[in-house]
Amino acid sequence: MHVLLVEDEKSLHQEVRQFLVGSQYLVDSAFTYAEASEKIFTNSYDFVLLDLGLPGGDGLDLLREARQNERQEASFIILTARGGIDDRVKGLDLGADDYLPKPFSLLELQSRMQAVMRRKFGLKRQEVSFGEGFSLDVSGRTIRHGGQDVPLTKKEFDLLHYLLLHRNRVLTRLQLGEHLWGNVLEDDSDSNYIDVHIKNLRKKLSQFAPADFIETVRGIGYSIKN
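Residues numbered from 1 in each chain as written. Predicted model: local features only at pLDDT ≥ 70, side-chain atom pairs only at ≥ 80, totals over all residues. Heavy atoms only, no water.

In the nomenclature of an unreviewed UniProt entry, the protein is known as Response regulator transcription factor of Hymenobacter lapidiphilus.

In C-alpha cells:
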C-alpha cells in the first residue's frame, strides 16, 4: 500500500512512518500544506493520513482540494488533536473515510486502515479467495493453497494483493509501478519490470494451480478476472 503521511510534528511523523514501513507500507512524507498538495496532485495513493493543523494551510482545505482531483482515489484518515464534533463532521462531509484523534495507538491506526480497505472494496474479512483454491491473508501477508504456503517476495505479494483489490478492473503498468515503488516517471512506463514480476508471480502460483486468472491486456496492463 502506498501511503502519504501529512504531519508536521516531526517526532510523531517519524514514529508513524517507522511503524508503517515496518508493516510493509510504502510511505511518502509531507510536513506542510504545500508539500502535501503537490504530492497529492502528482502521485496516486492508497491512503493519505492527514493532520489538520499544517504550516501554510488547513488540512480540511487540503482534503477538499484532493477530492476535486479526479486522479486521486486515496482513502483519507484524519489524524488530529482537534477532536471537536464540528471538525469531525466537516471532515467526514468533505470525504474523509475515518477520523482518529491524537494521541492514538499505532495498532489502532493500522486496524482502522484495514477496516477502511475492507469497506472500500467490499471485503467481509481479512482473507481473500481467488483462483482454484488460493487464499490471501491481508494481515498475515501470506498466500496459501491447500494448506501450503505459496512463497512470494514482498513485491509479488503487494502486486497480487493490489490486483485482487481491483478485481475485474484493468490496471496499467504505470498504476502498478506507482503502487509498488511510489513516484514513477512517465518515461518509465514502458519498462518491463512489471512484466517480470507478473511472469514470476504466475510461475510460482502455477506450481499449485492454474494462474490464468491473471490476464494480460495487450498494450495496457493486467487484470484479475475471477
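### Some points on helix α6 (residues 154-165)
Compared with the 16 Å implied by 1.5 Å per residue over 12 residues, the 16 Å span of α6 between its first and last C-alpha is a close match. In terms of burial, α6 is largely enclosed, as 10 of its 12 residues are buried. Turning to α6, its buried residues number three or more, namely E156, F157, D158, L159, L160, H161, Y162, L163, L164 and L165. (Helix = DSSP H or I, 4+ residues; strand = E, 2+ residues; numbered from the N terminus. Expected span 1.5 Å × (residues − 1). Buried < 20%, exposed > 50% of the residue type's maximum accessible area, 1.4 Å probe, protein only.)

### A short note on the packing of aromatic side chains
Evaluated as defined, the whole model comprises 4 aromatic pairs. Here F130 and F213 contribute two aromatic rings whose centre-to-centre distance is 5.5 Å and whose plane-to-plane angle is 75 degrees, an arrangement assigned as edge-to-face. Taken together, the residues span a long stretch of sequence, with F130 in strand β8 (residues 127-130) and F213 in the loop between α8 (193-206) and β13 (214-217) at a distance of 83 residues. Assigned by exposure class, F130 and F213 land together as buried. These aromatic residues form a ring-pair network of at least three members: F130, F134 and F213. (Phe/Tyr/Trp six-rings, centres within 6.5 Å; stacked < 30°, edge-to-face > 60°.)

### Some points on the sheet that holds strand β14 (residues 221-224)
Spatially, β12-β14-β13 is the arrangement adopted by the 3 strands of the open sheet, whose pairing is antiparallel. At either end of the open sheet lies a strand with only one pairing partner, and these are β12 (171-172) and β13. The sheet contacts of α6 involve β12 and β14, and relative to β14 the element is tilted by about 65 degrees. (Pairing = 2+ DSSP bridges. Contact = heavy atoms within 4.5 Å. Axes fitted to C-alpha atoms, helices over the stretch in contact; angles between N-to-C directions.)

### Quick word on the nonpolar core
Judged by nonpolar contacts, the single largest core of 26 residues is most densely connected at L136, I143, L160 and L205. Elements that contribute at least two residues to this core include exactly β8, β9 (134-137), α6, α7 (173-181), α8 and β14. Element by element, the count of residues in this core is highest for α6, at 6 residues. Among residues more than four places away in sequence, those in contact with L136 are Q126, E127, V128, F130, T142, I143, F157, L160, H161 and L164. Within the second largest apolar cluster, 21 residues are counted, among which are V16, F19, L20 and F104. (Core = buried A, V, L, I, M, F, W, Y, C linked by side-chain atoms within 4.5 Å.)

### With respect to the domain arrangement of the protein
How big an interface is tends to be expressed through the accessible area that disappears when the partners come together. Taken domain by domain, the protein holds domain 1 (2-121) and domain 2 (127-224). Here the C-alpha centre of domain 2 lies 26 Å away from the C-alpha centre of domain 1. Interface area, domain 1 with domain 2, both sides summed: about 1,100 Å², of which 47% is carbon and sulfur. For the pair domain 1 and domain 2, the number of links is 1 salt bridge. A salt bridge links R169 to E73, with the shortest nitrogen-to-oxygen separation between them at 3.4 Å. On inspection of domain 1 and its partner domain 2, the count reaches 4 residue pairs in polar contact (both at pLDDT 80 or more). Sorting the residues of the side of domain 1 that touches domain 2 by element identifies β2 (26-30) and α5 (106-120) as the ones contributing at least two each. Split by residue class, the side of domain 1 that touches domain 2 holds 3 nonpolar, 5 polar and 4 charged. (Domains from an automatic or database assignment. Buried area = accessible area lost by both parts, 1.4 Å probe. Salt bridge = Lys/Arg side-chain N within 4 Å of Asp/Glu carboxyl O. Polar contact = N/O pair within 3.5 Å; in protein donor to acceptor, adjacent residues only side chain to side chain. Nonpolar A, V, L, I, M, F, W, Y, C, P; charged D, E, K, R; others polar.)

### What to know about unusual backbone geometry
Between K102 and the following residue, P103, the backbone shows a cis peptide bond with an omega angle of -5 degrees. Tracing the backbone shows P103 in the loop between β7 (98-101) and α5. Phi is positive for R141, close to 55 degrees, though the residue is something other than glycine. At N168, a position not held by glycine, the phi torsion is positive, near 70 degrees. Position of N168 relative to the elements: it lies in the loop between α6 and β12.

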